[in-house]
Amino acid sequence: MNENIFYIDAKTKIVDFLTTEFSGTFPLKLQNRFLNFFPQIANYEEEGQKYKPAIFFTNNIDTVVKNIPSAIKIVLFTDANENMFASRLKSLIPFCNRYWCVYVSISETGIEYGIFRVINSIKDENLETILFKSQVLQEKSNKLFGIYVYAENTWTITMRSLKGRVVNVNFALDIRVVNNWEDEIKEFVDASFSKLRTSAKKLQDIKNMYRNIFRNVSRLVDGTICVVVDSDYKPDSFFEDGIWLKEPINLSKLFAQTNQYNEQKLTTMADVFVTMLNFDGITVVDNMGQIRAYNVFIETNMKLAGNIIGGARKRAAYTIINSKRPHIIGVYFQSHEGEMFYSPVKK
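Each chain has its residues counted from 1, following the order in which its sequence is written. Two thresholds apply to this predicted model, a pLDDT of at least 70 for residue-level local features and 80 or more for giving and counting side-chain atom pairs, whereas whole-chain, interface and lining totals are computed over all residues. The basis for every side-chain value is the complete set of non-hydrogen atoms in the structure, without hydrogens or water.

> In this structure, what is going on with the state of the cysteines? I would like to understand it.
Defined simply, a disulfide is a covalent bond joining two cysteines at their sulfur atoms. Disulfide: a pair of cysteine sulfur atoms within 2.5 Å of each other. Going through the model one piece at a time under the given rule, you end up with zero disulfides. For the unlinked cysteine cysteine 96, the closest cysteine sulfur is that of cysteine 101, found at 6.3 Å. Exposure remark for cysteine 96: the relative accessible area of 10% places this residue in the buried category. The rule is simple: take the accessible area with a 1.4 Å probe, protein chains only, and divide by the maximum for that residue type; under 20% is buried, over 50% is exposed, in between is partly exposed.

Structure (structure tokens):
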């Protein structure tokens with residue numbers, strides 16, 4: 001006997017979201033093509049390369065770009081109808097791994113497809129944050145419609161509107177899925193700089209930089225563990241199997257102690273950090289914002305790991321979380337499927 005189970009409730013909610021946010025003007029045929037494409041967003045892949053696409057639907061991309069500082073757009077296609085929708089997205093989504101966002105701008109005369117982004121420093125807020133913090137765009141949201149659709153992880157697709165509404169479509173059945181990446185990453189970032197003393201402005205710049213780095217890690221790195229330790233921590237037998245840097249990399253020092261900083265050097269060192277996070281094993285940072293070690297391995301303790309469903313990386317994460325070891329503060333975990341969380345170490 002065959003039993004078919006459909007995510008009909010999800011479809012209904014998506015249609016309601018599009019209808020409400022676009023005040024009934026989202027074209028029906030385009031809506032149907034979007035619904036057919038929607039499940040691919042969480043697991044999009046082209047020729048073996050995985051992507052975490054971000055797609056922005058609007059009725060006026062020019063107004064959006066005009067009201068975001070340092071934003072630029074590139075128009076790629078202009079169509080009279082929705083027939084090429086899937087093909088256009090296939091051509092544009094690869095740009096998302098280079099910090100661009102795909103846009104679909106809908107008007108009475110047709111559909112414009114392209115990419116847009118902000119050109120700013122790694123220490124500045126990213127496009128997504130700026131887009132939804134803009135008071136100007138929110139004030140225009142009665143006539144200016146905008147929906148930002150992106151893959152939160154392998155199981156969750158999030159839709160955010162300029163009017164402030166957020167809908168998470170969850171395809172998971174039995175795992176912990178984080179539906180608010182921002183909250184999880186904020187706790188991790190705060191822990192990573194809890195001992196750093198500098199001005200409020202520079203501290204915020206540093207935290208923006210870390211947040212931007214880990215947003216890219218969540219989209220580009222298959223899986224990782226990053227452990228936050230106290231700055232007084234000395235390597236011991238628990239973390240001895242790994243590469244400990246003779247001189248810790250201090251990203252914050254590259255610009256926190258002066259009004260002048262080298263953007264290229266900052267970006268280059270951030271790339272080094274991402275590369276470390278992409279190694280097997282654990283990357284260790286401290287609460288002064290210093291990178292201390294990478295490619296670190298621990299012996300998994302099944303008693304400490306508990307009844308965890310998952311692979312070796314997840315068991316290692318919970319071994320650390322439940323270790324109650326002094327000077328270890330917390331654990332950022334990300335699986336290759338996209339599950340992600342930050343958890344303080346139990347005391």
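> Is there a simple way to explain the sheet that holds strand S5 (residues 101-107) in this structure?
Hydrogen bonds between backbone atoms are what pair the strands of a sheet, whose relative direction is either parallel or antiparallel. DSSP calls a pair of strands paired once it identifies at least 2 bridges connecting them. Secondary structure elements follow DSSP: runs of H or I no shorter than four residues count as helices, runs of E no shorter than two count as strands, and numbering proceeds from the N terminus. Strand order in the open sheet made by the seven strands is S4-S6-S5-S3-S7-S8-S9, with mixed pairing throughout. Of all strands in the sheet, those with a lone pairing partner are strand S4 (71-79) and strand S9 (166-170), marking the two edges. This sheet shows a mean twist of 20 degrees between the axes of neighbouring strands, independent of strand direction. Taken together, the five bridges between strand S3 (residues 54-58) and strand S7 (residues 146-151) define a ladder with antiparallel strand orientation. By the bridge assignment, isoleucine 55 is partnered in S7 with valine 149. To obtain an axis, a line is fitted to C-alpha atoms, over the contacting stretch when the element is a helix, and the angle between two such axes runs from 0 to 180 degrees between their N-to-C directions.

> Hey, could you run me through the sheet that holds strand S14 (residues 328-334) in this one?
Read from one edge of the open sheet, six strands run S11-S13-S12-S10-S14-S15, paired in mixed fashion. Only two strands of the sheet have a single partner each, and these edge strands are strand S11 (241-250) and strand S15 (340-344). Strand-to-strand, the axes of this sheet are offset by a mean angle of 20 degrees, without reference to chain direction. The contact definition used throughout considers only heavy atoms, calling two residues in contact when any of these lie within 4.5 Å. Across the sheet, helix H8 (residues 200-220) lies against strand S10 (224-229), strand S12 (282-286) and S14, angled at about 40 degrees from S14, the strand it touches most. The strands touched by helix H11 (residues 312-321) are S10, S12, S14 and S15; relative to S14, the strand with the most contacts, the crossing angle is about 160 degrees.

> Explain the confidence of the model for the protein chain here, please?
Close inspection of predicted coordinates is inappropriate in any region flagged by low pLDDT. Taken over all residues, the pLDDT of the protein chain has a mean of 88, while the share at 70 or more is 90%. Here residues 1-5 is modelled with pLDDT under 50, and outside its nearest four sequence neighbours on either side it reaches zero contacts, counting other chains as well. Every residue gets a pLDDT, meaning the predictor's confidence in that residue, from 0 to 100.

> Would you mind going over the pattern of salt bridges with me for this structure?
Opposite charge on two side chains allows them to pair when their charged atoms are near. Any carboxyl oxygen of Asp or Glu that lies within 4 Å of a side-chain nitrogen of Lys or Arg is treated as forming a salt bridge with it. This structure, assessed with the given rule, holds 18 salt bridges. Across the salt bridge formed by aspartate 62 and lysine 73, the nearest N and O atoms sit 2.7 Å from each other. In this pair, aspartate 62 sits in helix H3 (residues 61-66) while lysine 73 sits in strand S4, placing the two residues 11 residues apart along the sequence. Linking glutamate 125 and lysine 133 is a salt bridge whose minimum nitrogen-to-oxygen distance equals 2.7 Å. A network of salt bridges, in which partner residues are shared, links Lys123, Asp124, Lys201 and Asp205.

> Is there a simple way to think about H8 in this case?
Under the convention used throughout, the expected extent of a helix is 1.5 Å for every residue step, that is, one less than its residue count. For H8, spanning 21 residues, the distance from its first C-alpha to its last is 30 Å, which sits close to the expected 30 Å at 1.5 Å a residue. Taken across its 21 residues, H8 has 15 buried, putting it largely inside the fold.

> So what exactly am I meant to see when it comes to the packing of helix H7 (residues 181-192) against H8 here?
Running from N to C, H7 and H8 cross one another at 130 degrees; their axes reach a closest spacing of 10 Å. Relative to H8, the element H7 lies oblique. In the crossing of H7 with H8, the sense of the turn from one axis to the other is right-handed. Residues Trp181, Glu182, Ile185, Phe188, Val189, Asp190 and Ser192 of H7 touch H8, and the partners they reach there are Lys207, Tyr210, Arg211, Phe214, Arg215 and Ser218. In the contact of H7 with H8, the residues fall into six nonpolar, two polar and five charged. Oblique is the label for any angle not under 35 degrees, not over 145, and not in the 65 to 115 range, which are roughly parallel, roughly antiparallel and roughly perpendicular in turn. In this scheme the crossing of two helices becomes right-handed for a clockwise turn of the near helix relative to the far one and left-handed for an anticlockwise turn of less than a right angle. Here the nonpolar group is Ala, Val, Leu, Ile, Met, Phe, Trp, Tyr, Cys and Pro; Asp, Glu, Lys and Arg are the charged ones; every other residue, Gly included, is treated as polar.

> What is the right way to read the packing of aromatic side chains from this model?
Within a pair of aromatic rings, the relevant descriptors are the distance that separates the centres and the angle that separates the planes. Aromatic contacts are taken between Phe, Tyr and Trp rings whose centres are within 6.5 Å, Trp giving its six-membered ring; a plane angle under 30 degrees counts as stacked, one over 60 as edge-to-face, and the others as tilted. Tallied over the entire structure, the rule returns 28 aromatic pairs. Considering the side-chain rings of tyrosine 44 and tyrosine 51, the 6.4 Å spacing of their centres and the 55 degrees angle between planes classify their relative orientation as tilted. Residue tyrosine 44 is classed as buried on the basis of its relative accessible area of 5%. Ring centres 5.7 Å apart and planes at 75 degrees place the aromatic pair phenylalanine 214 and phenylalanine 273 in the edge-to-face group. Of the two residues, phenylalanine 214 is situated in helix H8 and phenylalanine 273 in helix H9 (residues 263-277); the sequence distance between them amounts to 59 residues.

> Looking at this structure, how should I read the nonpolar core?
Where a protein is soluble and globular, its nonpolar side chains tend to be buried together. Buried residues of nine kinds, namely Ala, Val, Leu, Ile, Met, Phe, Trp, Tyr and Cys, make up a nonpolar core once their side-chain atoms join them within 4.5 Å. Counting 37 residues, the largest nonpolar core has Phe34, Phe38, Ile41, Phe57, Phe85, Val104 and Val149 as its most contacted members. If sequence neighbours within four positions are ignored, phenylalanine 38 has contacts with Ile14, Val149, Ile157, Met159, Val169 and Phe171. Membership of the second largest hydrophobic core comes to 30 residues, among which are Phe188, Leu196, Ile213 and Leu277.

> Just checking my understanding: could you explain the pairing of S9 for this structure?
The side chains of a regular strand alternate between the sheet's two faces. Side chains Val167 and Val169 project from S9 onto a buried face, and the interleaved Val166, Asn168 and Asn170 project onto a face without burial. The hairpin turn running from strand S8 (residues 156-161) into S9, its antiparallel successor, is four residues long, and glycine 164 in that turn takes a positive phi close to 100 degrees.

> Please explain the side chain of glutamate 82 as it appears in this structure.
You can see glutamate 82 is positioned in the loop between S4 and helix H4 (85-92). The convention is simple: Lys and Arg are positive, Asp and Glu are negative, and His and the chain ends are not counted. Summary of buried charges: glutamate 82 has no salt-bridge partner, and the nearest side chain of opposite charge, arginine 33, is 4.2 Å away. Setting aside anything within four residues of it in sequence, one finds glutamate 82 in contact with Lys29, Leu30, Arg33 and Ile111.

> Mind showing me how you'd approach the environment of leucine 76 here?
As for its placement among the helices and strands, leucine 76 is situated in strand S4. C-alpha separation for the pair leucine 76 and threonine 156, spaced 80 residues apart in sequence, amounts to 28 Å. Setting aside chain neighbours within four positions, we find leucine 76 in contact with Leu92, Tyr113, Gly114 and Ile115.

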